[in-house]
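Coordinates in review
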Amino acid sequence: MQVLLIDDGCEGARILSSRLDGAGFRTSRVGSAAEALNSPVRDSVSAVLLDHCGLAHSPASVVTPLRSGGMEQPLIVLSALADWRERVASLDAGADDFLIKPIHSEEVAARLRAVIRRAAGMSSDRIVFGDIDLDLKARCAWVGGVCLNLTRNEFLLLRLLLLAPENTITKQQIMQALWVGDAQKTGNAIEVQMARLRRKLGHERIRTLRGIGYRAIPVGGGDDGGMARNACRKGCGPAEPLSSGCQEFDPGI
């Protein structure tokens, strides 16, 4: 999931960005509401995170132009301002959550997953689509209860397909989610990643829409496969050692 991080000079923003990337997010940083609204990734991000440090203005003064400028994604404010009036003003301006610093990056990641789930109409970290089962937190995927052994980019690509509105994604969205800022990547790189995912997922589960992009196609129904999923999940979780099943989700891959 791609996140747009707005920070106004916070020293911890770089560390937060790195830790969110390690938690499975793809973070893009900008310095203001205006930069966020003009960012090339503004339409492809799943959520917006405002890391507020400035004392000369309130976080609500940043949230307001974001919402009036058409930024509709879930938005979380991080701020050291503990005054309840600041929280009320930010929430009324359009923020979905307000967290008082200091705060652990693990909680920020959990809050992001929660607001993204709500925006997508989900109630848990699990997505079931036909016989595909995706665990967003453990970063594992199964088809009919069989672990797919996905690499980092394959997982990101499948997650993008299943979270996308009407399950349709464009090549631009894929490029921004997998290789934001890498001008050397081409459309051929997307086709290579898609071909690799199709080999593991099954060609019939991803349809190419010429001139538009790609769409996930539901096939069959959910398979219980609980024991297989539990064994696989032990190898996927970031805090667990790699065992049998899914490949370790290494942000450096």
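These numbers come from a predicted model, not from an experiment. (Residues numbered from 1 in each chain as written. Predicted model: local features only at pLDDT ≥ 70, side-chain atom pairs only at ≥ 80, totals over all residues. Heavy atoms only, no water.)

Quick look at the overall build of the protein chain now. When its secondary structure is counted, the protein chain shows 9 helices and 12 strands. Here the protein chain holds 253 residues, and the buried ones make up 49% of them. Long-range pairs, those at least 24 residues apart, make up 61% of the contacts in the protein chain between residues at least 6 apart in sequence. Taken as a whole, the protein chain presents about 12100 Å² of accessible surface, with 51% of it coming from carbon and sulfur. (Helix = DSSP H or I, 4+ residues; strand = E, 2+ residues; numbered from the N terminus. Buried < 20%, exposed > 50% of the residue type's maximum accessible area, 1.4 Å probe, protein only. Contact = heavy atoms within 4.5 Å. Areas by Shrake-Rupley, 256 points an atom, 1.4 Å probe, with all protein chains shown as cover.)

With that settled, consider the pairing of strand 1 (residues 2-7). Most of strand 1 is tucked away: 6 of the 6 residues are buried. In strand 1, alternate side chains face the same way, and those of Gln2, Leu4 and Ile6 on one face and Val3, Leu5 and Asp7 on the other are all buried. As defined by bridge partners, strand 1 adjoins strand 2 (residues 26-30) across 5 bridges and the pair is classed as parallel. Residue pairing across strands places leucine 4 opposite serine 28, the latter belonging to strand 2. Where the polypeptide runs from strand 1 across helix 1 (residues 13-22) and back to strand 2, its parallel neighbour, the crossover connection is right-handed. As paired elements, strand 1 and strand 3 (residues 47-52) share 5 bridges and run parallel to each other. Bridged to leucine 5 within strand 3 is leucine 49. (Pairing = 2+ DSSP bridges. Right-handed = clockwise from strand over helix to strand, strands pointing away.)

The interhelical angle for the contact between helix 6 (residues 152-163) and helix 7 (residues 171-179), taken along N-to-C directions, is 140°, at an axis separation of 10 Å. With respect to helix 7, the axis of helix 6 lies oblique. Helix-helix and strand crossings are classified by hand; for helix 6 and helix 7 the assignment is right-handed. Residues Asn153, Leu156, Leu157 and Leu160 of helix 6 form the contact with helix 7, whose participating residues are Gln173, Ile174, Ala177, Leu178 and Trp179. (Axes fitted to C-alpha atoms, helices over the stretch in contact; angles between N-to-C directions. Parallel < 35°, antiparallel > 145°, perpendicular 65-115°, else oblique. Left-handed = near helix turned anticlockwise from the far one by under 90°.)

Along its 15 residues, helix 5 (residues 105-119) runs 21 Å from first to last C-alpha, staying within 8% of the 21 Å computed at 1.5 Å per residue. Three or more residues of helix 5 are buried, namely Ser105, Val108, Ala109, Leu112, Arg113, Ala114, Val115, Ile116 and Arg117. Against strand 1, helix 1, strand 3 and strand 4 (75-79) lie the buried residues of helix 5. (Expected span 1.5 Å × (residues − 1).)

With that out of the way, let us pick up the nonpolar core. In this structure, Leu158 and Ile174 are the most contacted members of the largest nonpolar core, which totals 30 residues. Of all the secondary-structure elements, those providing two or more residues to this core are strand 6 (126-129), strand 7 (132-135), strand 8 (140-143), helix 6, helix 7, helix 8 (187-201) and strand 12 (213-216). Counting residues per element, this core draws most heavily on helix 6, at 7 residues. Contact partners of leucine 158, with chain neighbours within four places excluded, come to Ile132, Leu134, Ala141, Leu148, Leu150, Leu197 and Leu201. Within the second largest apolar cluster, 20 residues are counted, among which are Val41, Leu50, Val63 and Ala95. (Core = buried A, V, L, I, M, F, W, Y, C linked by side-chain atoms within 4.5 Å.)

Moving on, we come to the environment of aspartate 8. With respect to the element layout, aspartate 8 can be found in the loop between strand 1 and helix 1. The exposure class assigned to aspartate 8 is partly exposed, which follows from its relative accessible area of 31%. Separated by 45 residues in sequence, aspartate 8 and cysteine 53 have C-alpha atoms that sit 6.2 Å apart.

What follows covers the side chain of serine 79. Locating serine 79 in the fold gives a position in strand 4. Reaching out from serine 79, the side chain makes a polar contact with the side chain of histidine 52 at a distance of 3.3 Å. (Polar contact = N/O pair within 3.5 Å; in protein donor to acceptor, adjacent residues only side chain to side chain.)

Turning to the sheet that holds strand 11 (residues 206-209), a few remarks are in order. Across a sheet, strands are paired by hydrogen bonds formed along the backbone, either parallel or antiparallel in direction. Spatially, 3 strands are ordered 10-12-11 in an open sheet, and the strand pairing comes out antiparallel. Both outer strands of the open sheet, strand 10 (168-169) and strand 11, are each paired with one neighbouring strand and no more. The pairing of strand 11 with strand 12 spans 4 bridges and is antiparallel. Of the residues in strand 12, the one forming a bridge with arginine 207 is arginine 215. Contacting strand 10, strand 11 and strand 12, helix 6 crosses the sheet at an angle of about 80° to strand 12.

Taken by themselves, the reported measurements are silent on function.
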